[in-house]
Every structure is written in C-alpha cells, then in structure tokens.
Amino acid sequence: MPPLTDHHAATESNGRGTSEMITFEEVSKSWGDNHVLRSLNFHVAPGEKVSIIGPSGSGKTTILRILMTLETPDDGLVSIEREPLWDARGGAKPKETKQMRAICRKIGMVFQSFNLFPHMTAVQNVMEAPVQVLGMSKDDARERAQDLMELVGLSKHLDHKPPELSGGQQQRVAIARALAMRPKILLFDEPTSALDPELIGEVLAVIRDLALSADMTMLMVTHEMRFAEEISDRVVMFDSGRVVEQGPPHKIFKDPDHERTKLFLRAVLER
Amino acid sequence: MIWSNEYAIDILPVLLDGLWLTVRITLLGMGIALVLGLFVAVIRFLKIPVLSALFTFYVLFVRGTPLLAQVYAAFYVLPTYGIRFSALVTGVAVIGINYSAYTAEVYRAGIEGVPAGQWEAAKALSLPHRRTWAKIVLPQSIKTIIPVLGNYWVQMFKDTAILSAITVVELMQSAKTLANSDVRSLEPYTIAGIMYLVISYTASLLVKALERRYAPTH
Ligand SMILES: Nc1ncnc2c1ncn2[C@@H]1O[C@H](COP(=O)(O)OP(=O)(O)OP(=O)(O)O)[C@@H](O)[C@H]1O
Ligand SMILES: [Mg+2]
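Bear in mind that the values here come from a model prediction, so they are computed numbers and not experimental data.

I tried to follow unusual backbone geometry on my own but got confused; where do I start?
The phi angle of most residues is negative, glycine excepted, and most peptide bonds adopt the trans form. The backbone of F114 of chain A shows a phi angle near 65 degrees, a positive value even though the residue is not glycine. As for its placement among the helices and strands, F114 of chain A is situated in the loop between β6 (107-110) and α3 (122-132).

Written as structure tokens, this is what we have:
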C-alpha cells in the first residue's frame, strides 16, 4: 500500500490532549432564525477516527462544510493544528486568506453525491489536483493515481468516465481523488447514503481499510451505525447544533447516558 | 415580370460578392458575440458589486431595444459626438454587441446548469479558480451551450440584412441596388432569397447534428 500521509500522528484518543488536529471553539452558525450551530465546542486529535451521528438538520454537514471553507461561521474559532482557519471570535467577519487556503490543502472531503468530474476519466479525476495544486509532473501524478486506484480496487477502470461506473465505483474513485492530495484530515459526509444497498459494502470496505491502516485523521458523518462502531475511536452524538454526548463507540451505542441519544439510536436501528 | 435566366446569370457575381460580405460579417460578428458574451456572463456570475449590476443592465438594454434602432443610433447619432466609423465596422460591432447580450444569457444558463457539487469538489481539491472555470465548469456547460449558440449564429446570418439600412453592401443591399438601378426586382430578390435559404438551412442541419452530438449522456 502506498504511503497515504506525509506525517506521523500522535496516538491520542480523547481529542483533548495537548496536540489537536481540529478545534471548534464556541462556533455558531445560523441561517436567519435557524440556529444550526450553537456555541459548538468540538476537538479531534491527530489520527483520531471520529464518527458524527445525529438527526437530520442537526448541523453535521455544516461542520464539514465549515472545515472545507464552503460555509463561513458567524462566531467562534476553528483551527487546524492550532492554526486558525476561521477566526470569527466576537462575531468578526472572517475573510478568505492565503493562509486559509494553505490550511485547506491539508483537508480532503468525500461527498455524499461523489461529485466526480463527469467529463474526465477516473484516473484524470485523481490526477487533477496533484498536477494543478501540488505541481507534480503528469507521470508522477499518474503513478500516484494508479496506486490509489489499485488501493480502492479499481485498477481496471482507470480510463472509464464516471457515468460509466456504478455508484459504489464512483465513490471509490472519489476517495482515491481525495487521497491523492495526501490530506492530513479526511472528511466523509454520509459517503454511502446515495448508494443502492448492495453497493454500500464495497465503499465501507475501502473506508475501513483506510481507518485501520492510515494515520490520517478521519471525521465521518454516517448513518451506518454498525460501521461507525467498528471503525471509530470516538462517536459524537449531535443535536440542534450541539454535542449531546460523546465517547467510545461501545459506550454510545450500548449504554448512552442521554435520553436524546437513546431515542435517536432506537429510531435509526429500527429502520 | 418574366424571369430572365440571362439577367440572373449576369447579376450572379454581384450577389455572390454581397453574400461573401454577409458571411464575413456573420463570422466577425459572432466572434465578437462569443468572446464579449462570455466576459459578460462570467462577470455577472461572479456577482461583483456594481460591475455585475452594470452588466445585468447591459443585457437588459441590448435585448430590450430593436437591433435596427441600435444600428441607426451607432451610425447616425454617435458621429455627432465625434465617434465615427465606417458603415461596415459600425455594423459588425453593433451586431456583435447585440448578440453578446444573447450569448451571455446562453452561457449563464450553461454555467448555472453545472451542479454546485462540481464547484465544491474543485474547492475541496484546492483547484485554482481559473482552472475550475476552464477545465471543470465550462467544459460541462458546453453541452447545453453549443447547440443554442449555433441557432443564434444562423439567426445572426439573416439579421445581417439589417445592415443594408446603413449602406453596408452585404447580400440584401446588393440585391436592392441591382433592383433599383436595373428596374428589375424579380431576379435579384429571388436569388438573394435562395442564397439566404440555402445557407441558413444547411447551417441549421449542422446545428441539429451538433445538438445530437452534445445531447446529454446521463
Ligand atoms: N445554505 C443554506 N441556507 C439555508 N439553510 C441551510 C443552508 N445549509 C444548511 N441549512 C440548514 O441548516 C440546517 C442544518 O443543515 P445540515 O446540512 O448541517 O444538517 P445535517 O445534520 O447534515 O442533516 P442531514 O442528516 O439531513 O444531512 C438545516 O436545517 C438546513 O436546512
Ligand atoms: Mg448532512
């Protein structure tokens, strides 16, 4: 397997140690009267695999989108490795800066709807950013892309365009594409919820391998509870833009403290 | 009036000259419309304060007034302010500008048709903005843009006849001049009409082929 990250992560699991990869401090975000995040405090340690669960509309995607700088927080501080990504403390309006773009390169994202570039072949999708952003030569980038396509089990589909691939294959290409930038942090937003049931397994298998073998920090929004239990160091239960409770997966899934979590898990597991 | 083959053959070279000029006006005019329209569409899409509003008004104004009025204004009114160009230059510029307002709308629809997820994926990969436009967004809008632009091109070809109003000797003006000087209108206008018809019909077949080639695949 090719090296996936250029760094070595500390082995901390509670996210509150001295080294922090992702930090949300008192972060708020609202659209009109809809207060999506309310003074959110949330930390992720380097190398930690964290699953976010919670009801629809609780702000899970919004967290990931703020990390991708696709949304701007109204208040609070968001840092990556203690470098401020968004500094909106006191309601200051943060601006996009060069520093921010440099930080952003450490973060990759896998979307619910894949968002592959449909007019490019699979391998071109994976090569695009290494060539354009990292300035790699086409040959080197192709080699990296081929390794990653092998990693996700799609060596035979290098030259296929996304519309010719199944949803599961597309999502695996999307994972390879995100990995090609060797991110320190990989975000997943319900990576399997747009897939037919029979295709979910192949995507989860790829993510599982990553979670078990790579020292990348992973933050995943998911409704696949069994999967979250299996791969996460920590599960975070979200509701109304706040952390309701968090802890090791066996604790959250088997013996949650909060009524809200119990209700949510019952509703999800009964589906 | 009885059709005269002899006369028809006689005037053919003059009409072909006119047709050739019409074709060149269409090529140049469309060139202007394609480039200027893209510029207008991108500026409007970027929602730059003031500038984008200005271009929105530009599109509204150009589309809301008759081409003939614009041609007259440019040729007869602008010179009184010291802005003077030949009829041909004025005509090509006005028709190009006029169509840029339409092509801008075509581009806009094409750009807006690209799903937000494409922009977001490009941003998630930290792709430079220019690269995102050139290699991700525009290539995907081409499918919807190309056939519509083709139709506008055919329409522009016919609209060039309006430039006869400011003495540009394109196909229509050539026919008119012949009809006036020889006092025979049947042959010049008939031949000119056939020329317009043959070219625009052929061109519309090409556009249909393009439409099929770029038909959405998924
Ligand atoms: N661009 C936007 N404009 C207005 N409201 C928005 C916008 N984006 C999100 N919201 C609102 O913010 C709330 C939280 O959205 P978010 O997508 O973060 O929820 P989620 O927890 O990911 O839910 P789901 O499980 O349905 O994906 C929702 O009520 C949503 O309608
Ligand atoms: Mg969501």
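Can you walk me through the pattern of salt bridges in this structure?
Side-chain pairs of opposite charge can arise where the charged atoms are in close proximity. Residues and elements named next belong to chain A. Using the criterion set out here, one finds 19 salt bridges over all chains in the structure. Its salt-bridge partner being D74, residue K29 comes within 4.0 Å of it at the nearest N-O pair. Of this pair, K29 sits in strand β1 (residues 22-31) while D74 sits in the loop between α1 (60-67) and β4 (75-80), and the two are 45 residues apart along the sequence. Taking relative accessible area as the criterion, K29 reaches 8% and is therefore assigned buried. Of the charged contacts, one joins K251 and D255 as a salt bridge, the two residues approaching to 3.6 Å between their closest N and O atoms. For K251, a relative accessible area of 25% corresponds to the partly exposed category.

Just checking my understanding: could you explain the packing of helix α6 (residues 129-159) of chain B against helix α8 (residues 186-213) of chain B for this structure?
Axes are the key here: two packed helices are described by the angle between their axes and the distance separating the axes. Residues and elements named next belong to chain B. Two numbers describe how α6 lies on α8: the axes approach to 9 Å, and their chain directions differ by 175 degrees. Judged by the inter-axis angle, α6 sits roughly antiparallel to α8. Contact residues: I146, P147, G150, N151, V154, F157 and K158 in α6; Y196, I199, S200, A203, S204, V207, L210 and E211 in α8. Of the residues contributing to the contact of α6 with α8, the split by class is nine nonpolar, four polar and two charged.

I'm lost on the packing of aromatic side chains in this one. Help?
Two aromatic rings are characterised by how far apart their centres lie and by the angle between their planes. All told, the structure shown has 14 aromatic pairs over all chains when counted by the stated rule. For the pair F45 of chain B and W119 of chain B, a centre-to-centre distance of 5.5 Å together with 20 degrees between the ring planes defines the contact as stacked. Residue F45 of chain B is located in helix α1 (residues 5-46), and its partner W119 of chain B is located in helix α5 (residues 116-124); the two are separated by 74 residues in the primary sequence. Among the residues examined, W119 of chain B registers a relative accessible area of 19% and is labelled buried. Ring centres of W119 of chain B and W133 of chain B lie 5.1 Å apart, and the angle between their planes is 80 degrees; this geometry places the pair in the edge-to-face category. Within this pair, whereas W119 of chain B is found in helix α5, its partner W133 of chain B is found in helix α6, the two being separated by 14 residues in sequence. Both residues of the pair, W119 of chain B and W133 of chain B, belong to the buried class. Grouping aromatic residues by their ring pairs yields a cluster made of F24, F42 and F238 of chain A. Over the ring of W31 of chain A we find K29 of chain A; its NZ or CZ atom is 4.9 Å from the centre of that ring.

Scoring rules and cut-offs
- Residues numbered from 1 in each chain as written.
- Chains lettered and ligands numbered in written order.
- Predicted model: local features only at pLDDT ≥ 70, side-chain atom pairs only at ≥ 80, totals over all residues.
- Heavy atoms only, no water.
- Helix = DSSP H or I, 4+ residues; strand = E, 2+ residues; numbered from the N terminus.
- Salt bridge = Lys/Arg side-chain N within 4 Å of Asp/Glu carboxyl O.
- Buried < 20%, exposed > 50% of the residue type's maximum accessible area, 1.4 Å probe, protein only.
- Axes fitted to C-alpha atoms, helices over the stretch in contact; angles between N-to-C directions.
- Parallel < 35°, antiparallel > 145°, perpendicular 65-115°, else oblique.
- Contact = heavy atoms within 4.5 Å.
- Nonpolar A, V, L, I, M, F, W, Y, C, P; charged D, E, K, R; others polar.
- Phe/Tyr/Trp six-rings, centres within 6.5 Å; stacked < 30°, edge-to-face > 60°.
- Lys NZ or Arg CZ within 6 Å of the ring centre and 35° of its normal.

Geometry only, nothing functional implied.
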